[in-house]
2 protein chains.
Amino acid sequence: MMEKAKPVVTVLGAPDEPQPPGIELLDGHVEVRSACDEASLRETLPGTQILLVTDFRTEALRAAWPSADSLQWVHATSAGVDALLIPELVDSDIPVTNAQGIFDKSIAEYVLGAILIFAKDFHGSLAYQRNHQWKHRDTERALGKRVLVVGAGSIGREIAKLTSAIGMEVYGVARRARRDDPDFKEVFASEYLHEQLGLADYVVLSMPLTPATEGMFGPEEFAAMKPEGRFINIARGAIVQTQALVEALEKGRIAGAALDVFEQEPLPAEHRLWDFDNVIMTAHMAGDFIGWRVALIEQFMANLAHWQKGEKLFNQVDKKLGYVVQG
Amino acid sequence: MMEKAKPVVTVLGAPDEPQPPGIELLDGHVEVRSACDEASLRETLPGTQILLVTDFRTEALRAAWPSADSLQWVHATSAGVDALLIPELVDSDIPVTNAQGIFDKSIAEYVLGAILIFAKDFHGSLAYQRNHQWKHRDTERALGKRVLVVGAGSIGREIAKLTSAIGMEVYGVARRARRDDPDFKEVFASEYLHEQLGLADYVVLSMPLTPATEGMFGPEEFAAMKPEGRFINIARGAIVQTQALVEALEKGRIAGAALDVFEQEPLPAEHRLWDFDNVIMTAHMAGDFIGWRVALIEQFMANLAHWQKGEKLFNQVDKKLGYVVQG
């Protein structure tokens, strides 16, 4: 019996990391090719059946697309697939899957940590500590405070679970309203966003970046928040109009922000955001727990097993919407 | 009908705060006297039926004790009553009650916040932020990590609830072992402390300061911890041999510490502890949520209602043990 040909997988990695850790798990299962930019992708795409995109920022596919003569499946090892969804791919029959689920719990822990830093003013305590200052303050409880999770997908849901678990009151905003959601006290439709922003102590962005959400957080949204409200973004920087956020912070229209994502990454060293006392900034790492790269490849291989058996792939992105639609 | 005489309450406050906020709630209910040191306490004690101690550090009672000619009840608006339990009071029939319950949830949030700061290295991120440095790192998950709560009283129990709620594995150490505890996976007897210290990712002290616990965390206890273990103290500073903690940190025998309490408070500005990169320090404020002072007086008044009706007081401290024994 002839051995069945192994599927050809092109790994599209970042230029500084063409072969992310974990890729070695593919050895023996598939034929692995490597690309990290337009030129190398153009070379590897012909004959490639599966494109495995490990660099969520890459835009190499757009130019290399014409070389995709055998492509049957695109998998992204990220939750966000915004950079990947070029019109040609969206209009094609090629399914796109993502890494939904891998980062959820880690991101939710990050959000809970940020909330507790704000509530307990650990931020302030660390500043006093640097000055060797003993400075007692009364601080807030998280208990009973209101969280608004904008984007009730799998990450938003996990954020709702963790914040509810410590006694916070958690509401959601999504495309469709729903009352009987197990993880949210209530999920409001998008048209209630402004009203809900005005009630929330913590506003957490956890929606995908799509044409519909790009720049959707601007001056009006920050103005709609309570002056005591804190803003947390673990989604994508481009959902927020950065200048509007800076102004809201400068003018005290909101009480603070925790930001893991930025319009421009890395954030330039001279950016105004670095210096706010009430802003916590991290380098797009909220979901990146130790072991995440291997977990991503393991998830891809689980989906590969489906593909090889001709079964339905899981985590299929609705390419028009730009994210995996919750069941 | 003659009006019943109002009970005489002496409020023993700190010299810089003889009348803490909330005391005004007592107006009309009791006759309030104020003291803030030995001399004033000696003057107000004669005829005082109830001593309301709002300064958990005060040692004024020892010298003023002979003036306590009518004392029937001592209430402390703190969880810890270590400074208050002079032998004369311990040997008397006078009940001592404390503020058990008021600080529990707030302290548990503080502990969870500290754990998430360590897990997500927010501490490191804030340092990079000050330098305008974009620095991606993989960080830990809290999920599945092992917490050892030393002291399974009402504060320890609340810490167990919150940390369990986010998926940590929570064990306790207490005087008595118990397997069927709803809030801990298992509570081990004290003789297993060292063994358990070696297994824990986070060690949290939440026991009272008593003659039995004073200085009980010394070189051997820190040596028993994992090098990756973090140490969190929200109990009392004197439970820990500070020099042993400093050495454990200096020699990397433990991975970090979050400290809200210190042998000497305020901690002197020149103390070595201020400067560790992996230490989070706060000014004995973990439990002090906004509104705590009023909550404390409300709790006292609830107990006062029991006292006035001749009913059993709640939160009675076992004076020999130095804390409220859990039911």
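Residue numbering note: each chain is counted from 1, following its sequence as written. As they are written, the chains are lettered A onward and the ligands numbered 1 onward, keeping that order. Reporting of local features is limited, given that this is a predicted model, to residues whose pLDDT is at least 70; pairs of side-chain atoms are given and counted only at 80 or more, and all residues count toward the totals for whole chains, interfaces and linings. Excluded from the side-chain calculation are hydrogens and water; included are all heavy atoms of the structure.

A separate point is the sheet that holds strand 5 (residues 96-97) of chain B. Whenever strands of a sheet pair, they do so through backbone hydrogen bonds, lying parallel or antiparallel. All names here are of chain B. Pairs of strands are assigned from DSSP output, requiring at least two bridges between the strands. A run of H or I in DSSP counts as a helix once it spans at least four residues, and a run of E counts as a strand once it spans at least two, with each numbered from the N terminus. In space, the five strands of this open sheet follow the order 2-1-3-4-5, with parallel pairing throughout. The sheet is open, and its two edges are formed by strand 2 (31-35) and strand 5, each paired on a single side. Sheet analysis places strand 3 (residues 50-53) next to strand 4 (residues 73-76), joined by four bridges and oriented parallel. Residue pairing across strands places V53 opposite A76, the latter belonging to strand 4. The sheet strands contacting helix 10 (residues 292-308) are strand 1 (8-12), strand 3, strand 4 and strand 5, and the helix crosses strand 4 at an angle near 160°. Note on contacts: a residue pair qualifies if any of its non-hydrogen atoms lie within 4.5 Å across the two residues. Axes here mean lines fitted to C-alpha atoms, for a helix over just the part in contact, with angles spanning 0 to 180 degrees between N-to-C directions.

Before going further, it helps to examine the sheet that holds strand 9 (residues 202-205) of chain B. All names here are of chain B. Strand order in the open sheet formed by seven strands is 8-7-6-9-10-11-12, with parallel pairing between adjacent strands. Both edges of this open sheet fall to strand 8 (186-189) and strand 12 (279-281), since each of them pairs with a single strand only. Strand-to-strand twist of the sheet, defined as the mean angle between neighbouring strand axes without regard to direction, takes the value 15°. In terms of strand pairing, strand 6 (residues 146-150) meets strand 9 through four bridges, oriented parallel. Paired with L148 across the bridge in strand 9 is V203.

Below, the discussion takes up the relation of the copies chain A and chain B. Each copy is superposed on the other by least squares, with the fit set by C-alpha atoms of residues at a pLDDT of at least 70 in both. Overlay of chain A on chain B (RMSD 0.0 Å): rotation 180°, translation along the axis 0.0 Å. Put plainly, the chains are arranged around a two-fold axis. Residue by residue, 100% of the interface of chain A is reproduced at the interface of chain B, so both copies engage with the same surface.

The subject of this paragraph is the pattern of salt bridges. Residues and elements named next belong to chain A. A pairing counts as a salt bridge when a side-chain nitrogen of Lys or Arg comes within 4 Å of a carboxyl oxygen of Asp or Glu. Tallied over the entire structure, the rule returns 34 salt bridges over all chains. The partner of E140 in a salt bridge is R230, with the nearest N and O atoms 2.9 Å apart. With E140 in the loop between helix 5 (122-130) and strand 6 (146-150) and R230 in strand 10 (residues 230-233), the pair connects residues that are 90 residues apart, well separated along the chain. Burial classification: accessible surface area is computed with a 1.4 Å probe over protein chains only, and a residue below 20% of its type maximum counts as buried, one above 50% as exposed, and the rest as partly exposed. You can call E140 partly exposed: its relative accessible area is 22%. Among the ionic pairs, D181 bridges to R157, the shortest N-O distance being 3.0 Å.

Here we come to the environment of I94(B). Residue and element names in this part refer to chain B. Along the chain, I94 turns up in the loop between helix 3 (87-91) and strand 5. What makes I94 buried here is its relative accessible area of 12%. Sequence separation of I94 and F118 is 24 residues, and the distance between their C-alpha atoms is 44 Å.

Residue and element names in this part refer to chain A. The split of the chain into domains comes from an automatic or database domain assignment. Segmenting chain A into domains produces domain 1 (8-100 + 289-308) and domain 2 (104-281). Placing a centre on the C-alpha atoms of domain 1 and another on those of domain 2 gives a separation of 31 Å. Summed over both partners, the interface of domain 1 with domain 2 buries about 580 Å², with 47% contributed by carbon and sulfur atoms. Each of two parts loses accessible area, computed with a 1.4 Å probe, when they are put together; buried area is these two losses added. The largest contributions to the domain 1 side of the interface with domain 2 come from R57, D82 and Q100, which together make up 60% of the buried area. Between domain 1 and domain 2 we count two salt bridges in total. The definition of a polar contact used here is a pair of N or O atoms within 3.5 Å, where within protein one atom must be able to donate a hydrogen and the other to accept one, and adjacent residues in sequence count solely through side-chain atom pairs. Applying the counting criterion to the domain 1 and domain 2 interface returns three residue pairs in polar contact (both at pLDDT 80 or more).

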